[in-house]
Every structure is written in C-alpha cells, then in structure tokens.
Amino acid sequence: ELKVEQNPLFLSMQEGKNYTIYCNYSTTSDRLYWYRQDPGKSLESLFVLLSNGAVKQEGRLMASLDTKARLSTLHITAAVHDLSATYFCALRTMTGNQFYFGTGTSLTVIP
Amino acid sequence: GAGVSQSPSNKVTEKGKDVELRCDPISGHTALYWYRQSLGQGLEFLIYFQGNSAPDKSGLPSDRFSAERTGGSVSTLTIQRTQQEDSAVYLCASSPPRDREQFFGPGTRLTVL
C-alpha cells in the first residue's frame, strides 16, 4: 500500500523561528507537490518538484526533494503569523494517474 | 483568468437523498480530479478524467458514487442514497495537458443529516 506520511502533524512555533516539515513516501516517484490550505479554504499550490535534488524557494518557504531517500522537506525560515495554515505534500506515481496526499501538517505561528 | 469553480458551495441534504455536485475546470485543462476531504483529514482521491480516455474510478468508495464529464469540460459527481458518512468537503481540481500541478476549486461542503 502506498503511503505518504508527514510529520509533524501539528506544529506550533514562534515568529522568527525556523522549522522543517517532513514528507516521507513509500514508492518510487519524482513528482512531489506541496500545497497550502487555509481554514475553510481550498488548496493552493506552493511548489512542484520534478527531479531528484530539486530545490525551490518562495519567500520564507523552501522545498526540496530527495528521491533516493523518498523524502521531501518544506523548510520555514523566520516564521511569520501569515504562514499559519495546513500544509500538504502529495506525490504522483511514475505510472499512475492519482495524486496521493499526506495527512497534512497544521502550522500555527505564534506572535 | 477564471479558476476552477464548483457548485453549490454548501449542500445540506437528508439521509437517503441523491445529490449532484458540479465542477467547471479551467478552460483548456484536460485532466480533472475529484477528491473528498473529511474534517481534519487529508484528501482522498475519488476519480480522475483525462481527455477522452476512460476515467480512473478506482477511488470511488462505493457504487453509490458516480461521476461524468461532458464534452471534456464540466464534471458532475453524483452521490445516491446519501449516508451521514458522506458528509465532507468535495474538492475538484484540474490540470493542463502536461504533467503539472493541479488547480483546486473552492469545494462543496456536503452535510448529510
């Protein structure tokens, strides 16, 4: 069974601090996606990582992909309150049509 | 340009009734996905349409669920004889022809009483 596991599930951090969210998956894939979801809202695409070693940055968020370790990370630098949201990783298998989503990481940034 | 739209935004129905949820994808997007998100949970894949190919229905939880996509554009997800466990937010997403990210609609919140 294909699994996509995120940790932590819940993260409370102070403004200005750094932290990393981890996304582990159980099958071969080189297509990894990160999304943000605000309460009561839909999902917003953050990053698309399409190759081993891919690194993308947008503002205080940086995502990376290690296909050999089957691991993607979302690093938060100097967190601000506006980053409070739930973050999902998702992978698409090499041969399939489906996107498999992690359970999400609920991030709360405390002023 | 216009994003993915879904209607209705909220639907309250009684157990045993049928419901139809609509999704209008972004123009030119060939792929369309339906997902279900229960409270506090991640996304559960339901069905996938790609162009004129046969849909991938492997995520539909029971034969009460069905979906169609007319003319390669608008899609309707139908749930027959709704049950309380069907209560969730139903999200639709579309993708352009090449392997790129999905664009999600705002979702339909379904409540079955």
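Scroll up a little and you will see the structure.
Student: Even after reading the chapter, I still don't get the nonpolar core, so can you show me in this structure?
Tutor: Generally speaking, a soluble globular protein has its nonpolar side chains buried in company with each other. Core analysis: the largest hydrophobic core is formed by 24 residues, its most contacted members being Leu 32, Trp 34, Leu 74, Ile 76, Tyr 87 and Leu 107 of chain A. Elements with a contribution of two residues or more to this core: strand 2 (10-14), strand 3 (19-25), strand 4 (32-37), strand 5 (43-49), strand 7 (61-66), strand 8 (71-76), strand 9 (85-92) and strand 11 (105-110) of chain A. Looking at this core element by element, the count peaks at 4 residues for strand 9 of chain A. Beyond its immediate chain neighbours, meaning those up to four positions away, Leu 32 of chain A contacts Cys 23, Tyr 25, Phe 47, Val 48, Leu 49, Leu 65, Ser 72, Cys 89, Ala 90 and Leu 91 of chain A. Core analysis: the next-biggest nonpolar cluster, separate from the first, contains 20 residues, Leu 32, Phe 65, Ala 88 and Val 112 of chain B among them.

Student: Help me out: how do you make sense of the pairing of strand 11 of chain A in this one?
Tutor: Two faces, one strand: in a regular strand the side chains alternate between the faces of the sheet. All names here are of chain A. The alternating pattern of strand 11 places Thr 105, Leu 107 and Val 109 on a buried face and Ser 106, Thr 108 and Ile 110 on a face that is not buried. Looking at chain direction, strand 2 and strand 11 are connected through 5 bridges and run parallel. Within strand 11, the residue paired with Met 13 across the bridge is Val 109. Two elements, strand 9 and strand 11, share 3 bridges in a ladder whose sense is antiparallel. Each residue of the ladder has a partner; that of Ala 85, found in strand 11, is Leu 107.

Student: Help me understand the pairing of strand 6 (residues 55-58) of chain A, please; the structure alone is not making it clear to me.
Tutor: Residues and elements named next belong to chain A. Judged from the 4 bridges that link them, strand 6 and strand 7 form a sheet pairing that is antiparallel. From the neighbouring strand, Glu 58 faces strand 7, where its bridge partner is Leu 61. With antiparallel pairing between neighbouring strands as the criterion, strand 6 and strand 7 make up a hairpin whose turn holds 2 residues, including Gly 59 at a positive phi of roughly 65°.

Student: For this particular structure, what's the right way to read unusual backbone geometry?
Tutor: Note on backbone geometry: most residues besides glycine have negative phi, and most peptide bonds are trans. Asn 7 of chain A connects to Pro 8 of chain A through a cis peptide bond whose omega is 0°. Tracing the backbone through its elements, the reader meets Pro 8 of chain A in the loop between strand 1 (4-7) and strand 2. Look at the link from Ser 7 of chain B to Pro 8 of chain B: it is a cis peptide, with omega at -10°. In the Ramachandran plot, Arg 70 of chain A falls in the positive-phi region, its phi being about 55° despite a non-glycine side chain. Take Arg 70 of chain A: it is sitting in the loop between strand 7 and strand 8. Accessibility expressed as a relative area gives 32% for Arg 70 of chain A, which makes it partly exposed. Positioned with a positive phi, Arg 81 of chain B is a non-glycine residue whose angle comes to about 45°. Tracing the backbone through its elements, the reader meets Arg 81 of chain B in the loop between strand 7 (75-79) and strand 8 (88-95).

Basis of the calculations
Residues numbered from 1 in each chain as written. Chains lettered and ligands numbered in written order. Predicted model: local features only at pLDDT ≥ 70, side-chain atom pairs only at ≥ 80, totals over all residues. Heavy atoms only, no water. Core = buried A, V, L, I, M, F, W, Y, C linked by side-chain atoms within 4.5 Å. Buried < 20%, exposed > 50% of the residue type's maximum accessible area, 1.4 Å probe, protein only. Helix = DSSP H or I, 4+ residues; strand = E, 2+ residues; numbered from the N terminus. Contact = heavy atoms within 4.5 Å. Pairing = 2+ DSSP bridges.

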